[in-house]
Amino acid sequence: TEHRQAEDQIQSRLRYEAGLAACSQILLSDSQTEDVLNEALKILLETSRTNRVYIFENFEDPKDGLCLRLTHEVCAPGIATHLDDPVLQHGIYHRRFERWRRNLSKNKPILGFVDSFPEKERTFLEPYGILSILVLPLWVDGKWYGFIAFDDMKKHREWSEEDIRLLETAADMIDNYIEKKKFEMTLKESNRNLKETQAQLVQSEKMASLGSLVAGIAHEINTPIGAVSSMYDTLYRTMGKLKDQVGMECSDIQKERLNKAFSIIDDANSVIRSGTERVVDIVRRLKSFARLDEAELKTVDIHEGLEDTLTLVHHEIKHTISVNKDFGDLPPIACFPGQLNQVFLNLLINSKHAIQEKGLIGIKTYTKDQYAYVEFSDN
């Protein structure tokens, strides 16, 4: 019988070694599927000749403190799974498993017959049909992460030192796998944040360049339009003096002829004045919109920003799109006006692209519950 026991030990060791090798191969593979950990647990289920293998991870709850939740589980044929059990998604250590927390956090296993466990633990475990259990702590990044457990539901199993030692090796493999996956997720998240930051920087550079371009154009237009505006004023005053002189020195027939010419000149002056004022207003709004690189928080009139932005896109929408402005009574708002103008511009351009032929863009502003609202709509 001693010879048979020795043979059984050798067979058990060979089974464990083969299982650990297969488990290691799966956990070290480059597979990106979510089933890697479950596949490893299936191997450990067969290797340990238990009925259920599962992993719980720890988490902190603001109300209940340190808690545990079931994340992975594999079962032998005929054994029910409990992944959807809400009780196992929010277990509280200090209520039933304070002994587990104390031992596992010190890297000590929990094992034995369930009917010999403390009453709080026994009344929780027995309804799940567990007769014998082995619980091993999992460590990730040097911190207690949770545990892996092996249930025997057919017999009261005595866990040998070799069982524990070999399954601790498996737990170490799972530690490394979870740590690697967490690192990969962190790296992936960092890369995503880096790409978003890069995109934001590119967009900021584009908007800063647009601001410089618009400011430059506004400056270039401002110089000649200033000359036109000045000469219009000179022309208007000169025409007034000329009319007074004609009234004093010309005959009625000459006055009648000259008045017709004066009427044409007055009409031309009116067009020049209207066009000049329009260009001056456009230049003013372009210069206002061009403050895209300003980082200071300012108290501004939101409607001014909307008008500035509409001026910038006017040439793109004037022939096919009407703008309905329903502006409410907004007080001056503390904001970053350049960034807000960029948002308005993006929304208007999006609406312009969405309208295939002729359409309508609506802009509504109002206050509600001490908030200012700006609503964009298109048909």
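Note: the structure precedes this text.
So, a few notes on the structure that sits alongside this text.

Reading the values: the criteria
- Residues numbered from 1 in each chain as written.
- Predicted model: local features only at pLDDT ≥ 70, side-chain atom pairs only at ≥ 80, totals over all residues.
- Heavy atoms only, no water.
- Helix = DSSP H or I, 4+ residues; strand = E, 2+ residues; numbered from the N terminus.
- Rg over C-alpha atoms; globule rule 2.2 N^0.38 Å.
- Buried < 20%, exposed > 50% of the residue type's maximum accessible area, 1.4 Å probe, protein only.
- Areas by Shrake-Rupley, 256 points an atom, 1.4 Å probe, with all protein chains shown as cover.
- Lys, Arg positive; Asp, Glu negative; His and termini not counted.
- Charge placed at Lys NZ, Arg CZ, Asp CG, Glu CD.
- Polar contact = N/O pair within 3.5 Å; in protein donor to acceptor, adjacent residues only side chain to side chain.
- Contact = heavy atoms within 4.5 Å.
- Pairing = 2+ DSSP bridges.
- Axes fitted to C-alpha atoms, helices over the stretch in contact; angles between N-to-C directions.
- Patch = residues over 30% accessible without salt bridge, like charges linked within 9 Å, V, L, I, M, F, W, Y side chains within 5 Å.
- Salt bridge = Lys/Arg side-chain N within 4 Å of Asp/Glu carboxyl O.
- Phe/Tyr/Trp six-rings, centres within 6.5 Å; stacked < 30°, edge-to-face > 60°.
- Expected span 1.5 Å × (residues − 1).
- Bend = angle between axes of the 7 residues up to and from the residue.

**Looking at the overall build of the protein**
And step 1. Scanning the protein for helices and strands turns up 9 helices and 11 strands.
And step 2. At 40 Å, the protein has a C-alpha radius of gyration far larger than the 21 Å of a compact globule built from 379 residues.
And step 3. Along the first, second and third principal axes, the C-alpha set of the protein runs to 145 × 40 × 40 Å.
And step 4. Within the protein, buried positions represent 35% of all 379 residues.
And step 5. When the accessible surface of the protein is summed, it comes to about 23,400 Å², and 53% of that surface belongs to carbon and sulfur atoms.
And step 6. Where the 48 positive side-chain charges of the protein centre and where its 60 negative ones centre are 2 Å apart.

**Observations regarding the side chain of T365**
And step 1. For T365, the position within the fold is in strand 10 (residues 359–368).
And step 2. Here the side chain of T365 touches H303 through a polar contact of 2.8 Å, side chain to side chain.
And step 3. Excluding anything up to four places from it in sequence, T365 contacts H303, L306, D326, F327, G328, L330, Y373 and V374.

**Looking at the sheet that holds strand 8 (residues 321–326)**
And step 1. Strand order in the open sheet formed by 3 strands is 8-10-11, and the pairing between neighbours is mixed. Either end of the sheet is taken by a strand with one partner, and the two such strands are strand 8 and strand 11 (371–378). Pairs of neighbouring strands in the sheet enclose a mean axial angle of 15 degrees, with direction left out of account.
And step 2. Bridge analysis of strand 10 against strand 11 gives 8 bridges, and the strand direction is antiparallel. Pairing of K364 across the sheet is with E375, part of strand 11.
And step 3. Packing against the sheet, helix 8 (residues 302–317) makes contact with strand 8, strand 10 and strand 11, and its axis sits at approximately 170 degrees to strand 8.
And step 4. Helix 9 (residues 337–354) contacts strand 8, strand 10 and strand 11 of the sheet and is inclined by roughly 20 degrees relative to strand 11.

**With respect to the environment of H90**
And step 1. As for its placement among the helices and strands, H90 is situated in the loop between strand 2 (65–75) and strand 3 (91–92).
And step 2. You can call H90 partly exposed: its relative accessible area is 32%.
And step 3. C-alpha of H90 to C-alpha of I349: the two residues are 259 residues apart in sequence and 48 Å apart in space.
And step 4. Non-local contacts of H90, meaning those with residues more than four positions away in its chain, are made with F59, D61, D64, C67 and L68.
And step 5. A distance of 2.9 Å separates the side chain of H90 from the side chain of D64, its partner in a polar contact.

**What to know about a nonpolar patch on the surface**
And step 1. Nonpolar side chains collect at one region of the surface, where L213, I217 and I221 lie side by side and expose about 240 Å² of accessible area between them.
And step 2. Of note, I221 is situated in helix 6 (residues 161–249).
And step 3. By relative accessible area, which is 32% here, I221 ends up partly exposed.

**Some points on the pattern of salt bridges**
And step 1. Taken as a whole and judged by the stated rule, the model has 18 salt bridges.
And step 2. When the shortest N-O distance is used, the salt bridge between R13 and E162 registers 2.6 Å. Highlighted residues: R13 in helix 1 (residues 2–27) and E162 in helix 6, separated in sequence by 149 residues.
And step 3. For R13, a relative accessible area of 40% translates into the label partly exposed.
And step 4. A salt bridge links E73 to R52; the nearest nitrogen and oxygen atoms lie 3.9 Å apart. Residue E73 is located in strand 2, and its partner R52 is located in strand 1 (residues 52–61); the two are separated by 21 residues in the primary sequence.

**Brief notes about the packing of aromatic side chains**
Aromatic ring pairs: the centre-centre distance and the angle between the two ring planes describe each pair.
And step 1. The tally for this structure, following the rule as stated, stands at 10 aromatic pairs.
And step 2. With a centroid separation of 5.0 Å and an interplanar angle of 5 degrees, the aromatic rings of Y366 and Y373 are classed as stacked.
And step 3. Look at Y366 and you get partly exposed, because its relative accessible area is 23%.
And step 4. Classification of Y373 by relative accessible area gives partly exposed; the value is 31%.

**Observations regarding the environment of W159**
And step 1. Take W159: it is sitting in the loop between strand 6 (143–152) and helix 6.
And step 2. C-alpha separation for the pair W159 and Q25, spaced 134 residues apart in sequence, amounts to 26 Å.
And step 3. If we skip the residues at most four places from it in the chain, W159 touches T50, L111, G112, S132, I133, L134, F150, I164 and L167.
And step 4. Polar contacts involving the side chain of W159 include one to the side chain of S132, which spans 3.0 Å.
And step 5. Within the local environment of W159, its side chain forms a polar contact with the backbone oxygen of I133, the two atoms lying 3.3 Å apart.

**Structural notes on helix 8**
And step 1. With 16 residues, helix 8 extends 21 Å between its outermost C-alpha atoms, agreeing within 8% with the 22 Å of an ideal straight helix rising 1.5 Å per residue.
And step 2. Where helix 8 bends most, the angle comes to about 40 degrees, and this point is T311.
And step 3. Restricting attention to buried positions, one finds in helix 8 the residues I302, H303, G305, L306, D308, T309, L310, T311, L312, V313 and I317.
And step 4. A side-chain oxygen of the first residue of helix 8 lies 2.9 Å from the backbone nitrogen of H303; this N-cap is D301.

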